Amino acid sequence: MFRPILKDLKAIWVLDSRSNPTVEVFAYVQRKEDIFVDSFIVPSGASTGEFEALELRDNEKDFHGKGVNKAIKNVSFILDHLYNNYVDNIFEVDKKLIELDGSSNKSNLGANAILGVSVAIAKAVAKSYDIPFFKYLSFWTNSYEYYLPIPMMNIINGGVHADNDLDFQEFMIVPLGFEDFSNAIKASSEVYNSLKKILKDNNLSVSVGDEGGFAPKIDSPFKACEFIIAAIEKSGYKVGKDFYISLDVAASSFFKDNKYIYLKNPITHKELINVYEKLISSYPIFSIEDPFDENDWESWKEFTNKYKDKILIVGDDIFVTNIERIEKGINNNVANAVLIKLNQIGTLSETIKAISLANKNGYKTIISHRSGETEDNTISHLATNNSYFIKTGAPARSERNSKYNELLRIYNFYNLNYYATSYKSNYLITS
Ligand code: PGA
Ligand code: ZN
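Conventions we followed
Residue numbers run consecutively from 1 along every chain, following the written order of its sequence. Note on labels: chains are lettered from A, ligands numbered from 1, in written order. With pLDDT at 70 or above as the cut-off, local features in this predicted model cover only qualifying residues; side-chain atom pairs require 80 or more to be listed or tallied, and sums for whole chains, interfaces and linings still use all residues. Based on all heavy atoms of the structure, the side-chain values leave hydrogens and waters out of the count. Only DSSP runs of H or I reaching four residues or more are called helices, and only runs of E reaching two or more are called strands; each is numbered from the N terminus. Helix span is expected to be 1.5 Å times the residue number reduced by one. The buried label applies to any residue whose accessible area, calculated with a 1.4 Å probe on protein chains only, is under 20% of its type's maximum; exposed applies above 50%, and partly exposed to all values in between. By definition, residues are in contact when any of their heavy atoms lie within 4.5 Å. Contacts described as polar in this section are N or O atom pairs within 3.5 Å, which, within protein, must combine one atom able to donate a hydrogen with one able to accept it, while residues neighboring in sequence count only if both atoms come from side chains. Donor selection uses N, O and S atoms within 2.8 Å of the metal (3.2 Å for Na, K and Ca). Since no water is included, sites may look incomplete. Two strands pair if DSSP finds at least two bridges between them. Near is defined per residue: the residue qualifies when any heavy atom it owns lies within 4 Å of the molecule or strand. Only the protein chains shown count as cover for residues, with accessible areas throughout obtained via the Shrake-Rupley method and a probe of 1.4 Å. Grid spacing is 1 Å over the protein atoms alone, the probe is 1.4 Å, and a cavity is where that probe fits but cannot get out, while a pocket is an open set with protein on both sides within 12 Å along at least five of seven lines and lining residues have an atom within 4 Å of a point. Grid points are joined across faces, edges and corners, and a volume is the space filled by probe spheres set on the points. Residue polarity is assigned by list, with Asp, Glu, Lys and Arg as charged and Ala, Val, Leu, Ile, Met, Phe, Trp, Tyr, Cys and Pro as nonpolar; anything else, Gly included, falls into the polar class. Working definition: a ring pair exists when centres of Phe, Tyr or Trp rings (six-membered ring for Trp) sit within 6.5 Å. Plane angles under 30 degrees give stacked, over 60 give edge-to-face, the rest tilted. Lysine NZ or arginine CZ positioned within 6 Å of the ring centre and within 35 degrees of the ring normal marks a charge as sitting over the ring. A fitted line through C-alpha atoms serves as each axis, taken over the contacting stretch for helices, and the angle formed by two N-to-C directions is quoted from 0 to 180°. Small angles under 35 degrees read as roughly parallel and large ones over 145 as roughly antiparallel, with 65 to 115 read as roughly perpendicular and the rest as oblique. Grouping buried Ala, Val, Leu, Ile, Met, Phe, Trp, Tyr and Cys residues that are joined through side-chain atoms within 4.5 Å yields what is termed a nonpolar core.

### A short note on helix 7 (residues 221–234)
Piece 1. A rise of 1.5 Å per residue sets the reference length of helix 7, with its 14 residues, at 20 Å; its end C-alpha atoms lie 20 Å apart and thus fit the reference within 8%.
Piece 2. All of the buried residues in helix 7 are Pro221, Phe222, Ala224, Cys225, Phe227, Ile228, Ile229, Ala231 and Ile232.
Piece 3. Tucked inside the fold, the buried residues of helix 7 contact strand 5 (150–157), strand 6 (170–175), helix 6 (181–201), strand 7 (243–248), strand 9 (259–262) and helix 8 (269–282).
Piece 4. Of the residues that open helix 7, the one with a side-chain oxygen 3.0 Å from the backbone nitrogen of phenylalanine 222 is serine 220.

Put into structure tokens, the structure is as follows:
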């Protein structure tokens, strides 16, 4: 048995989609006589949860304080401790990284440095075995079932991702009514372009927000849904059959003094629930993410209790891909789905543990990009194994399409089934 050994780590900065620097780590592993290299580029959020692992920034003059030279230096420190080690067990590699950092939220070395190393090593090891990364992940998830994931595509941007007055951050289309992944992507692209035309016809801007969705100057979530419904119909698809709608409210971003600031007015959680109720009864809502603030557990409980059998209630900022927080959610009947972001927790193995914990307790998991992204497409691989949803923005702009395009490659070369068919027959309750 020839086990892969770490021979080098090289970290550099590259630019993300908001023109901020981010860390790319290259890992070099040796197996038999050969050296294998692969890399990972760490993404970066804007509506970050209070309890996320820390993204280390230099806070100096360069890049308006957002430089990542400290994180890059910390990768050299990590190399000093991992050089010539066996790196074929992601749990052992990540345990070492967590120990080297020594903090509870990866604030010493930085989650950007640690995650870069964790994922780059795993990808280089997969390469040394000559297996695609999505199949290599099976070693650690113990799931050998692969599907192309159901995308949630953010085609209208609001909240902190856009310059308009929409309080809710994301309005997504979910192409559930398609037999295969490539048709789902084709139809979604058609809906995106129909929406563009409809917005233009309404004299609204077709400039886009951080995740490639349009950012028209509107304020009402009902208006946003109406436009999306019109775009689905204009493209010749059926609302509530071919396409559903998902929302990411990102409510922590408009929670102030125990009230939610909705359409410029402070309202109670009960009044906000009324808004959700109206949306759910008016449109085919598939999921609502972060309907309440990350500390407002009571409202989450109340809403989950009422709607858990009807829609997916997705925890992002409240869970931050953190096992303890997901456990608290499970014990308190909060949400029924978990958004999964690698850099919220900071290692690949902790991410996989979070997915497994959620799955074991009947919570769906959705692999997610960040609003600050790059051409890196690793999350596409993660979304085909043990977690069959992906949230990675509009079907536009290369930092979003890099994920869809990688899935199209997997579709064409490995012929995986699209998860929508299986999901619909097992879970979807149509009213
Ligand atoms: P973020 O947004 O990457 O800015 O946190 C994505 C989300 O809230 O899901
Ligand atoms: Zn979110």
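Structure's up, so let's keep going.
### Brief notes about the coordination of the zinc ion (ligand 2)
Piece 1. Asp248 (OD), Glu289 (OE) and Asp316 (OD) make up the full set of protein donors to the zinc ion (ligand 2), lying at 2.1 to 2.2 Å.
Piece 2. Motif for the zinc ion (ligand 2), donor spacing along one chain: D-x40-E-x26-D. Placement of aspartate 248 in strand 7 and of aspartate 316 in the loop between strand 12 (312–315) and helix 10 (323–331) is noted, with a sequence separation of 68 residues between them.
Piece 3. For aspartate 316, a relative accessible area of 2% puts it in the buried group.

### Side note on the sheet that holds strand 8 (residues 255–256)
Piece 1. One open sheet accounts for three strands, arranged 8-9-10; its pairing is antiparallel. At either margin of the open sheet sits one strand with a lone partner, and together these are strand 8 and strand 10 (265–267).
Piece 2. In terms of strand pairing, strand 8 meets strand 9 through two bridges, oriented antiparallel. Bridging across to strand 9, lysine 256 finds its partner in lysine 259.

### Description of the site of ligand 1
Piece 1. Around ligand 1, the surrounding shell holds 15 residues, and the nearest of these are Ala46, His161, Arg370, Ser371 and Lys391.
Piece 2. Serine 47 places a polar main-chain atom, nitrogen or oxygen, 2.8 Å from an oxygen atom of ligand 1.
Piece 3. Within the side chain of lysine 341, an N or O atom sits 3.2 Å from an oxygen atom of ligand 1.
Piece 4. Contact with the protein chains removes 100% of the 280 Å² of surface that ligand 1 exposes when unbound.

### Side note on the layout of surface pockets
Piece 1. When its volume is computed, the second largest pocket comes out at roughly 220 Å³.
Piece 2. Considering the residues around the second largest pocket, the lining is formed by 15 residues, among which Ser104, Lys106, Asn322, Ile345 and Glu350 are closest to the centre.
Piece 3. Taken together, the residues that form the lining of the second largest pocket break down as five nonpolar, six polar and four charged.

### A word on the packing of aromatic side chains
Piece 1. According to the stated counting rule, one finds 38 aromatic pairs in the structure shown.
Piece 2. Measuring from ring centre to ring centre gives 6.1 Å for tyrosine 244 and phenylalanine 286, while their planes differ by 70°; the resulting arrangement is edge-to-face. Here tyrosine 244, found in strand 7, pairs with phenylalanine 286, found in strand 11 (residues 285–289); they are 42 residues apart in sequence, far enough to count as distant.
Piece 3. Through a chain of ring-to-ring contacts, three or more aromatic side chains come together here, namely Phe168, Phe171, Phe254, Phe255, Tyr260, Tyr262, Tyr276, Phe292, Trp300, Phe303 and Tyr307.
Piece 4. Looking at arginine 3, its charged tip hangs above the ring of tyrosine 86, at a distance of 3.9 Å from the centre.
Piece 5. One residue, lysine 278, lies across the ring of phenylalanine 222, its end atom 5.1 Å from the ring centre.

### Some thoughts on the sheet that holds strand 1 (residues 5–15)
Piece 1. In spatial order, the strands read 1-2-3; together these three strands make up an open sheet with antiparallel pairing. The sheet is open, and its two borders are formed by strand 1 and strand 3 (34–41), each paired with just one other strand. The average angle at which neighbouring strand axes cross in this sheet is 20°, direction not considered.
Piece 2. Direction of pairing for strand 1 relative to strand 2 (residues 21–31): antiparallel, over a ladder of 10 bridges. Within the sheet, the bridge partner assigned to tryptophan 13 lies in strand 2 and is valine 23.
Piece 3. On the sheet, helix 1 (residues 69–82) packs against strand 1 and strand 2 and is oriented at approximately 175° with respect to strand 1.
Piece 4. Packing of helix 3 (residues 111–128) onto the sheet brings it into contact with strand 1, strand 2 and strand 3, and relative to strand 3 it is tilted by some 140°.

### Focus on the packing of helix 10 against helix 12 (residues 348–360)
Piece 1. As a packed pair, helix 10 and helix 12 sit with axes 10 Å apart at the nearest point and diverge in direction by 10°. On the basis of the axis angle, helix 10 is roughly parallel to helix 12. Facing helix 10, whose interface residues are Ile323, Ile326, Glu327 and Ile330, helix 12 presents Glu350, Lys353, Ala354 and Leu357.
Piece 2. Residue composition of the contact of helix 10 with helix 12, by class: five nonpolar, no polar and three charged.

### Examining the nonpolar core
Piece 1. Membership of the largest hydrophobic core comes to 142 residues, with the highest contact counts inside it found for Leu9, Ile121, Phe303 and Leu348.
Piece 2. With 11 residues, the single largest contributor to this core is helix 3.
Piece 3. Not counting residues within four places of it along the chain, the set of residues in contact with isoleucine 121 comprises Leu6, Leu9, Ala27, Leu82, Val87 and Val93.

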